[in-house]
Amino acid sequence: MAERLYSYQTGSKHTFTWIDYFLFVCMLLVSAGIGIFYAIKDRKKNTTKDFLLAGGNMSVFPVALSLLASFMSAITLLGTPAEMYNYTTMYWWIGVSYFFAIFAAAHIYIPIFYRLGVTSAFEYLDKRFGRIARVAAACTYVTQMTIYMAIVLYAPSLALNAVTGVTLWGLIWTVGAVCIFYTAIGGMKAVLWTDTFQTGLMLAGLLAILIQGSIEVGGFAKAWDISAANERILFSDFSVDPSVRHSFWSLTIGGAFVWIYVYGTNQAQIQRTITCPSLRKARIAIWLNLPGLWVVLYLSCLIGTVIYAFYRTCDPKTFNLITASDQLLPLFVMDVLGHIPGLPGLFVACIFSGALSTISSGLNSISAVILQDIIKNLGGRKITEKRATIISKVLAVVFGILMIGLTYVASLLGGVLQAALALYGMIGGPIMGIFTLGMLFPWANQKGAVTGLVTSLILMFWIGIGYQVHRPIVATPSPISLVDCNWNLTTTTPAVTPAMNMSFINSTAPTVTDGAGDSDPLVGLYTLSYMWYTATAVLTVIVVGLIVSFITGATKPESLDPTLICPFFDIVFPCLPEKILKPLRFGIDFSHVEDDDFKTRVLKDSFRKNIKVNYTPEDQKADLHASESGVTVTTSGNESTPTLVTTVSQSALPSDELDKEKSGVKDDQSVSTHL
């Protein structure tokens, strides 16, 4: 059997076969079919709750997979391997930030949205601050999500067009149209179940690429050794300099802010979590994302390591096989899987599954935000449910078409991974900031919130645009080699002639900072690592928001509805004694708030005070039926000596107190406990 030649040896790339096209089309048809199925199945359900929230009764499994697929998109699948190839393994550290993000989302942010029973997350801002804050933040979100969806659609289309020869605009319009179709007719249920199907495709595609790629280079251990020998393996950059592109601190702390925004305050994710029938199940769905996030991230990282080992002696970009690093993975797939009919098609289905899941989530969330926060909020409250559902579907179509039109803008933003994360920081960061200001700082008022939001947006756009204009050098990619490139091919013209006689070149050597930048005192600001964008935006909102709030008249914490504020210290530091925790609640009475995190604390503290506990069969049935928390607390008495009167189901009691109850109290008895 003749030895197989690769693109850097022949100067040509494999193309799709009919089997590859067939598999790709099948993926699109299955996605569209799911939308048609739910459109027919739920044709008699014409409420916005069914269309936007799937009736609020989805099981944990599809919600968890949809949460995973929504933002582990084609951006991650294309950008992460390119990051490993161009730089080092420092990006692995962002996996640590996922834990903090999932914890914050599940226990700080999502419970507040869930208890309020909102359709749009921005309804919270109306209750906490007022209509102006709500509309301002909602418009900001719609802008951010529309641009982000354009990036998600454009990036894989361009990459696959360059490598496989499939028509660029044909891909964009075909994939965009299918996604718009099933999102508009099937609603949230179609989105959740197609995301589930597409997540399976993503994982299958990633595993196929990693396994076959490792075989091609002689095993993954060899690929790792090659990367280590060529300065690609690095985990020890602990620099605290905020201009360092990827350090341990920027990836773990800065990355945590990025992903808290995604899971905790992004409408697309919030809308999915509240489709669960209970807060407990919503939390389970969020926590199930943690291993899923790690699997997708580290599979992509490992693939990047294998790609470097494969192209270590001939950089495809310098050799003009590709024009951008985001095309590395498609080129690699065609090189190592192109000889196996159908596998390239599986890869394309894998990449576009990630894109479809993100776009469908975005379209559905934008429909919810515009309907709830703009149309209904500004005079359309009397719209019937049927008409509201129709409006939601029309909005999905309109913004889907707008997204396709904005794909041209996406072409100007550079590498997809950095562009997407920078966009999170520039626009998503201020959104996270205003929610954080409202939930964790009870003194904030509407003037402070809106001023903080606007100030943060201005600052982040200043930094982001300044970076694009000045283009300061913020990182140096690892060295590349051209030693085995076949420069004798007439179809390829070397981009750097001296490189023919060099073993290694530094691909960033030609990059020069804007000449005017040397005298511009703000150039240092433009070098801020994009991983710090979200954290910077959040802190700006909080600092400016609090200053303006205190100047214009701070809100009195005790006057607030406790369901709008997070008992942060009780959740994060539950082992602290009550004498420390009580002043950290700032006078807010959380005893009425039903929450699994806070419930145990209230129950344990109740046995240290004068308390009357009524155990009646009727109360137990009511508690178990009303909520999973099993506790309803009311307060009475004067401020200095409050008496808590609590109705508790036996299942809600701490185990030690439940033993006491079983030993000396019958169900129909009332007990007073004094310590």
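Each value, and the rule that gives it
Residues numbered from 1 in each chain as written. Predicted model: local features only at pLDDT ≥ 70, side-chain atom pairs only at ≥ 80, totals over all residues. Heavy atoms only, no water. Helix = DSSP H or I, 4+ residues; strand = E, 2+ residues; numbered from the N terminus. Buried < 20%, exposed > 50% of the residue type's maximum accessible area, 1.4 Å probe, protein only. Contact = heavy atoms within 4.5 Å. Areas by Shrake-Rupley, 256 points an atom, 1.4 Å probe, with all protein chains shown as cover. Disulfide = S-S within 2.5 Å. pLDDT = per-residue confidence, 0-100. Axes fitted to C-alpha atoms, helices over the stretch in contact; angles between N-to-C directions. Parallel < 35°, antiparallel > 145°, perpendicular 65-115°, else oblique. Nonpolar A, V, L, I, M, F, W, Y, C, P; charged D, E, K, R; others polar. Core = buried A, V, L, I, M, F, W, Y, C linked by side-chain atoms within 4.5 Å. Phe/Tyr/Trp six-rings, centres within 6.5 Å; stacked < 30°, edge-to-face > 60°. Lys NZ or Arg CZ within 6 Å of the ring centre and 35° of its normal.

Quick look at the overall build of the protein
- Counting secondary structure elements, the protein contains 27 helices and six strands.
- Counting every position in the protein, which comprises 675 residues, the buried fraction comes to 57%.
- Taking contacts inside the protein between residues at least 6 apart in sequence as the whole, the part at least 24 apart equals 86%.
- Of the roughly 26600 Å² of accessible surface on the protein, a fraction of 64% belongs to carbon and sulfur atoms.

A word on the state of the cysteines
- Taken as a whole, this structure holds one disulfide when the rule is applied.
- For C314, the disulfide goes to C485, at an S-S distance of 2.0 Å. Given an S-S torsion of about 110°, the disulfide between C314 and C485 has right-handed geometry. Of the two residues, C314 is situated in the loop between α14 (289-310) and α15 (328-337) and C485 in the loop between β1 (480-481) and β2 (504-505); the sequence distance between them amounts to 171 residues.

Thoughts on the confidence of the model for the protein
- Scored by pLDDT, the protein comes out at a mean of 78, with 78% of its residues at no less than 70.
- Of all helices and strands in the protein, the one with the weakest mean pLDDT is strand β6 (residues 670-673) (34), whereas helix α22 (residues 533-552) scores best (96).

Let's talk about the environment of I374
- Checked against the element boundaries, I374 lands in helix α16 (residues 343-375).
- On the basis of relative accessibility, which here comes to 24%, the residue I374 falls in the partly exposed class.
- For the pair formed by I374 and R134, sequence separation is 240 residues and the distance between their alpha carbons is 9.0 Å.
- Residues in contact with I374, not counting those within four places in the same chain, are C139 and V369.

A few points about the packing of helix α10 (residues 220-229) against α14
- Running from N to C, α10 and α14 cross one another at 70°; their axes reach a closest spacing of 8 Å. Overall, the two elements α10 and α14 adopt an arrangement that is roughly perpendicular. Two secondary-structure elements touch here, α10 through F220, A223, W224, I226 and S227 and α14 through L302, T305, V306, Y308 and A309.
- Broken down by class, the residue content of the contact of α10 with α14 amounts to eight nonpolar, two polar and no charged.

Notes on the nonpolar core
- Judged by nonpolar contacts, the single largest core of 168 residues is most densely connected at F113, W259, L329, I434 and F435.
- The leading source of residues in this core is helix α9 (residues 168-217), at 17 residues.
- For W259, the residues in contact, after removing those within four places along its chain, are F71, M72, I94, S97, Y98, A101, G264 and L293.

Let's talk about the packing of aromatic side chains
- Applying the stated criterion to the full structure yields 25 aromatic pairs.
- With a centroid separation of 6.3 Å and an interplanar angle of 20°, the aromatic rings of F569 and F573 are classed as stacked.
- By way of ring pairs, the aromatic residues W92, F220, W224, F235 and Y298 are connected into one cluster.
- Here R232 stacks its cationic end above the ring of Y85, 5.9 Å away from the centre of that ring.
- Stacked on the ring of Y87, the Lys or Arg R245 has its end atom at 4.1 Å from the ring centre.

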